[in-house]
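One letter stands for each residue in the lines below.
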Amino acid sequence: MRERPPLAFVRRRRHLWAMHRRLVFEEPVSRAAVWSRRLAWFSLAVLLLAFLAFRTGEPSLERLAPIAAAYVFVLLALLLSLLAFARIWQSGHRGVGMASGAFVLCVVMLVPAAYAGFQLVTLPALADVSTDIDDPPAFSRSRVALEARAGRVPPDVAPLRRRVQRQAYPKAVPIVLEVPAEIAFDIARRAALARGWQVLESSRPGGRSGSGRIEAVARSRIFHISEDITIRVRPRADGSRIDIRSASRLGPHDLGINAARIAAFADEVDLLVDAR
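Residues numbered from 1 in each chain as written. Predicted model: local features only at pLDDT ≥ 70, side-chain atom pairs only at ≥ 80, totals over all residues. Heavy atoms only, no water.

Asks: Describe in detail the environment of Ala172, supporting the description with residues and values.
Replies: Locating Ala172 in the fold gives a position in the loop between helix 6 (159-168) and strand 2 (175-177). Along the primary structure Ala172 and Thr131 are separated by 41 residues, whereas in three dimensions their C-alpha atoms are 5.1 Å apart. Dropping the residues within four chain positions of it, Ala172 is found in contact with Val129, Ser130, Thr131, Gln165 and Arg166. (Helix = DSSP H or I, 4+ residues; strand = E, 2+ residues; numbered from the N terminus. Contact = heavy atoms within 4.5 Å.)

Written out as structure tokens, the structure is:
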């Protein structure tokens, strides 16, 4: 008489057959979801490589082209993820997780570009901001300063453009202190160093003009772009006045960076005055 197989064996065979049937009848994975995830990660790699290449070389508008090209891939990956959602909704294909991951990754990469675009549209095309729009501090033409700027001297800005600056950045105003110009000069120099700026040269208040001057270079933390700064300290009957001018080297639009730098410097000066 033929032996019957053990009950455990029968159950396992039935379980394997059920799994096989489920695999046979499962919906296929959306190709759009697969390619959206692949393209999103490829876009991230291209963007990082373009960013590193920009940081390691001499900054220029031409070197921004690879970063812009990387964002073309980001947009394509985003569109593919949206197409995958539509296909999955219509046909019931699998791949929601892959499409969602690609969508989130693309959105994260697009946030900096969206912020830059918003600043580009909402702020005026200025690359030179000064707290004194009538008599902006002049940049030094000494050998040390010119070498640090690669021979470049930020050009003068037309008075009409300065009026536009006043409307766009009403808080970029002179810093008035109730301390002598000598003390104000020390405070301004300490504030520049505290902001991480490279002080190229400085001259204390006095002499024929009576003004003190600090020449510096600031470098952005992310793109490592150099910006030129000059600070002027003048005595007043009731204390002293500090004016600062910040100018970008790259392009006609600073995206509000110079005004933000001046505001940060003013906050640093206030902290140092309060600490005295």
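Asks: Describe helix 8 (residues 257-275), with residues and values.
Replies: In this model, helix 8 (19 residues) spans 27 Å end to end at C-alpha, consistent with the 27 Å of a helix rising 1.5 Å per residue. Taken together, the buried positions of helix 8 are occupied by Asn258, Ala259, Arg261, Ile262, Ala264, Phe265, Glu268, Val269 and Leu272. Those residues of helix 8 hidden inside the fold are in contact with strand 1 (128-130), strand 2, helix 7 (181-194), strand 4 (212-219), strand 5 (226-236) and strand 6 (239-248). (Expected span 1.5 Å × (residues − 1). Buried < 20%, exposed > 50% of the residue type's maximum accessible area, 1.4 Å probe, protein only.)

Asks: I'd like to hear about the pairing of strand 6, residue by residue, with values.
Replies: Burial analysis of strand 6 places nine of its 10 residues in the buried class, which makes it a mostly covered element. In this structure, strand 1 lies alongside strand 6, joined through three bridges in antiparallel fashion. Its bridge partner being in strand 6, Ser130 is matched across the sheet by Arg245. Here strand 5 pairs with strand 6 via 10 bridges, running antiparallel. Paired with Arg234 across the two strands is Arg241, which belongs to strand 6. (Pairing = 2+ DSSP bridges.)

Asks: Any details on the packing of aromatic side chains? Residues and values, ideally.
Replies: Evaluated as defined, the whole model comprises five aromatic pairs. Judged by centre distance (5.3 Å) and plane angle (90°), the ring pair of Phe42 and Phe73 falls under edge-to-face. Taken as a pair, Phe42 in helix 2 (residues 31-56) and Phe73 in helix 3 (residues 65-91) lie far apart in primary sequence, 31 residues in all. Given the relative accessible area of 42%, Phe42 is considered partly exposed. (Phe/Tyr/Trp six-rings, centres within 6.5 Å; stacked < 30°, edge-to-face > 60°.)

Asks: A description of helix 3 should follow, citing residues and the corresponding values.
Replies: Between its first and last C-alpha atoms helix 3 spans 39 Å; for 27 residues at 1.5 Å apiece the expected length is 39 Å, and the two agree. Among all positions of helix 3, only Ile67, Ala70, Tyr71, Val74, Ala77, Leu78, Ser81, Ala84 and Ile88 are buried. Residues of helix 3 that are buried in the fold lie against helix 2 and helix 4 (96-122). Looking one or two places after helix 3, you find Gly92, whose phi comes out positive at around 75°.

Asks: Give a description of a nonpolar patch on the surface that names residues and reports values.
Replies: On the surface, Phe42, Val72, Phe73, Leu76, Leu79, Leu82, Phe103, Val104, Val107, Val108 and Val111 cluster together into a nonpolar patch covering about 930 Å² of accessible area. Elements supplying a minimum of two residues to the nonpolar patch: helix 3 and helix 4. Turning to its location among the elements, Val72 is positioned in helix 3. (Patch = residues over 30% accessible without salt bridge, like charges linked within 9 Å, V, L, I, M, F, W, Y side chains within 5 Å. Areas by Shrake-Rupley, 256 points an atom, 1.4 Å probe, with all protein chains shown as cover. Salt bridge = Lys/Arg side-chain N within 4 Å of Asp/Glu carboxyl O.)

Asks: Let's hear about the environment of Val217: which residues, and what values?
Replies: Inspection of the secondary structure puts Val217 in strand 4. For the pair formed by Val217 and Ser246, sequence separation is 29 residues and the distance between their alpha carbons is 9.2 Å. Setting aside its immediate chain neighbours within four residues, Val217 contacts Ala148, Trp197, Gln198, Leu200, Ser226, Glu227, Asp228 and Arg249.

Asks: Can you lay out the environment of Gly239 for me, pointing to particular residues and giving the numbers?
Replies: If you trace the backbone, Gly239 turns up in strand 6. Using a relative accessible area of 11% as the deciding quantity, one classes Gly239 as buried. Distance from Gly239 to Ala184, taken between C-alpha atoms, is 8.6 Å for residues 55 residues apart in sequence. Excluding its chain neighbours within four sequence positions, the residues that come into contact with Gly239 are Leu177, Glu178, Val179 and Ala181.

Asks: Residue-level account of the packing of helix 2 against helix 4, with values.
Replies: Contact geometry for helix 2 and helix 4: axes closest at 8 Å, N-to-C directions at 25°. As judged from the angle between their axes, helix 2 and helix 4 are roughly parallel. Read as a crossing pair, helix 2 and helix 4 show a hand that is left-handed. Residues Ala33, Val34, Ser36, Arg37, Ala40, Trp41, Ser43, Leu44 and Leu47 of helix 2 lie in contact with helix 4, whose contacting residues are Met98, Ala99, Ala102, Leu105, Cys106 and Met109. Residue composition of the contact of helix 2 with helix 4, by class: 12 nonpolar, two polar and one charged. (Axes fitted to C-alpha atoms, helices over the stretch in contact; angles between N-to-C directions. Parallel < 35°, antiparallel > 145°, perpendicular 65-115°, else oblique. Left-handed = near helix turned anticlockwise from the far one by under 90°. Nonpolar A, V, L, I, M, F, W, Y, C, P; charged D, E, K, R; others polar.)

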